[in-house]
Amino acid sequence: MATKVVTRAVPDELHTSAVTDGFHIVVDALKLNGVETIFGVAGIPITDLARLAQAEGIRYIGFRHEQSAGNAAAIAGYLTQKPGICLTVSAPGFLNGLVALANATTNGFPMIQISGSSSRAIIDLQQGDYEELDQMNAAKPYTKAAFRVDRPEDIGIGLARAIRAAVSGRPGGVYLDLPGDVLAAALDANVAAESLVHVVDPAPRQIPAPESIDRALNLLASAQRPLIILGKGAAYAQADADIRSFIETTGIPYLPMSMAKGLLPDNHPQSAAAARSFVLAQADVVMLIGARLNWLLGHGKAPQWSSTARFIQVDISPTEFDSNRPIAAPIAGDICSALSILLTKLKPGSIRPGSAWLDAIAKRKQGNVERMAAHLNANPSPMDFYSALRAIRDVLAEHSDVYVVNEGANTLDFGRNIIDMRQPRKRLDSGTWGVMGIGMGYAVGAAVVSSEPVVAIEGDSAFGFSGMELETICRYDLPVVTVVFNNNGIYRGDDVNHSGGTDPSPTVLLKNARYEKLIEAFGGTGQYVTDPQSLAKAVTDALAARKPALINCIIDPRAGTESGHIQNLNPRSAITNSKN
Ligand SMILES: Cc1ncc(C[n+]2csc(CCOP(=O)(O)OP(=O)(O)O)c2C)c(N)n1
Ligand SMILES: [Mg+2]
């Protein structure tokens, strides 16, 4: 691919030979590596880079805050297996994006944050440049890798290193620093063209050792009460057919982690999701596929788990093994390769979960489903989380192609349990960190890369972290339906100020906030709903219109619980005062 020849910003004496500049080299390098979209916020020194990328056919999506641009890039990476690109300005813009980059690393999403930066000479002597910050070193602790390009002829190799670091092995967030003077610098066009690097096979397969597969299959064959846990690494791998085939051939019950929901449809008979705590406590052999034994799985320890359970773990990153519990059968490799070899070596009938185990799970499921149905079928006024989510669940049952973005505390925890997913990688949520603020960024990222509609189910507090991106959604006319679960607060809306003063409690938000009017300001459709029928109709209409919409869904301020389903993680003071 020929590097574009430009004559601007080039001293007269160089006009005799063909020259280009850093801006053009960056865009050429991105295009050469198949980058189709950049998510960012423009400003010094990257405004012309964004303009040029757009002029050259890369789609540029401009945000109102870098964190949302970063979240959009991260989720684009998760959905496409290609690094999502986020473009930020120096110092504060860079730092705003860094939270999303760190979140991408924590979740294993491939993303590259490209940031302009100020003059190295001035930064290094701390002489007070415009937006001065040593960005590369600031990024290092939060990223999988951080690089800086100091010469225009290194842009190609710099981007190549960033791409490889982002997508190979366990994917993650990578930082690429581009100082303003490198962007502006001139370079002979032939030298520039030769400096470009097309990354070949950026995420090479990592084929597991045959003996690790045998060890795992033997352990599974010895199990009475086997269990498979699917993590978002399994969803990312896009090994959907092989994962399903392995589960169905072995007959082993499985649990999907939140973002692995839909890898097999949630109504699959082997899903043990409705008997989660029972299977965790009782399983004797557990096979983790792309799932980590972190806090979301109680670190694999008692009392949630049996202390005698033995573990098989399929993971691309060997340092994940033995992180919390000993792994009896580690399978180090990429999930596609591992599943395909597991299937090849699986002998028919060799693995058979005990029928007592399957019966016990079925019984637990039935009891829990009946208890849940009683809550779901109630129709309290105002609505609670059950009745509102039931209404949305029923609409989404007819739209399995819709992406569901979900954040909040109660809104997240109830949403995960109540909204069934039928297709892989359609549920996008707060993830490993339980972070607030991913909502509108993930919604934009998913809508842009897929052109499919998105329903973002947002706690009212969670929504506030990225709510201004409604303007972005309207500006690009994206089919995003935001449903704000408005209970006037973080967890609940009825807490009191214990000082007796007039300020609201730390967890309380404005009462009767009219969130639907925010989107009307940008030309979108706003709805205010107080009952399940109106909510279902509003979601149905908004999906049919494929236009930006926001539904302000009024929830009883007393309906939620502190911290949703993870109340136990709140620190309790070690000081107990028996008099109180
Ligand atoms: C970046 C970040 N800041 C703060 C928190 C703490 N936090 C957890 S949930 C939550 C909001 C919960 O309220 P809401 O979104 O309204 O959900 P609800 O429980 O009311 O449904 C907050 C602020 C967080 N998880 N992430
Ligand atoms: Mg709330």
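Note that this is a predicted model, so its numbers are computed, not measured.

Novice: So what's going on with the coordination of the magnesium ion (ligand 2)? Residues and values would help.
Specialist: Bound to the magnesium ion (ligand 2) are the protein donor atoms D460 (OD), N487 (OD1) and G489 (O), situated 2.1 Å from the metal. When the donors of the magnesium ion (ligand 2) are listed by position in the chain, the intervening gaps give D-x26-N-x1-G. G489 matches N487 in its accessibility class, with the two residues each being buried.

Novice: With reference to specific residues and values, describe the site of ligand 1.
Specialist: Around ligand 1, a shell composed of 17 residues is seen, among which N410, T411, D460, A462 and G489 lie nearest. At 3.0 Å, a backbone N or O of S461 approaches an oxygen atom of ligand 1. Within the contact set of ligand 1, an oxygen atom lies 2.9 Å away from a backbone nitrogen or oxygen of A462. Bound to the protein, ligand 1 loses 77% of the 580 Å² it would expose on its own.

Novice: Describe the side chain of N486, and please don't skip the residues or the numbers.
Specialist: As for its position among the elements, N486 is in strand β17 (residues 480-486). For N486, a relative accessible area of 2% puts it in the buried group. Not counting chain neighbours up to four residues away, the residues in contact with N486 comprise D460, A513, Y515, N552, C553, I554 and I555.

Novice: Which residues make up the nonpolar core, and what are the values?
Specialist: Core analysis: the biggest nonpolar cluster contains 84 residues, and L230, I243 and L428 have the highest contact counts within it. If you tally residues by element for this core, the top one is helix α3 (residues 66-80), at eight residues. Once you skip the residues sitting within four places of it in the chain, L230 turns out to touch I243, I247, Y254, L255, P256, M257, A260, L263, L264, I289 and A291. Counting 39 residues, the second-largest nonpolar core is a separate cluster that includes I25, I112, I155 and L196.

Novice: Describe the packing of aromatic side chains, listing the residues and the values that go with them.
Specialist: Inspection of every chain in the model, using the stated rule, returns 11 aromatic pairs. Cation over ring: K426 sits above Y403, and NZ or CZ is 4.0 Å from the ring centre. The ring of Y528 is capped by R514, whose NZ or CZ atom sits 4.1 Å from the centre of that ring.

Reading the values: the criteria
Residues numbered from 1 in each chain as written. Chains lettered and ligands numbered in written order. Predicted model: local features only at pLDDT ≥ 70, side-chain atom pairs only at ≥ 80, totals over all residues. Heavy atoms only, no water. Donors = N, O, S within 2.8 Å, 3.2 Å for Na, K, Ca; no water. Buried < 20%, exposed > 50% of the residue type's maximum accessible area, 1.4 Å probe, protein only. Near = heavy atom within 4 Å. Polar contact = N/O pair within 3.5 Å; in protein donor to acceptor, adjacent residues only side chain to side chain. Areas by Shrake-Rupley, 256 points an atom, 1.4 Å probe, with all protein chains shown as cover. Helix = DSSP H or I, 4+ residues; strand = E, 2+ residues; numbered from the N terminus. Contact = heavy atoms within 4.5 Å. Core = buried A, V, L, I, M, F, W, Y, C linked by side-chain atoms within 4.5 Å. Phe/Tyr/Trp six-rings, centres within 6.5 Å; stacked < 30°, edge-to-face > 60°. Lys NZ or Arg CZ within 6 Å of the ring centre and 35° of its normal.

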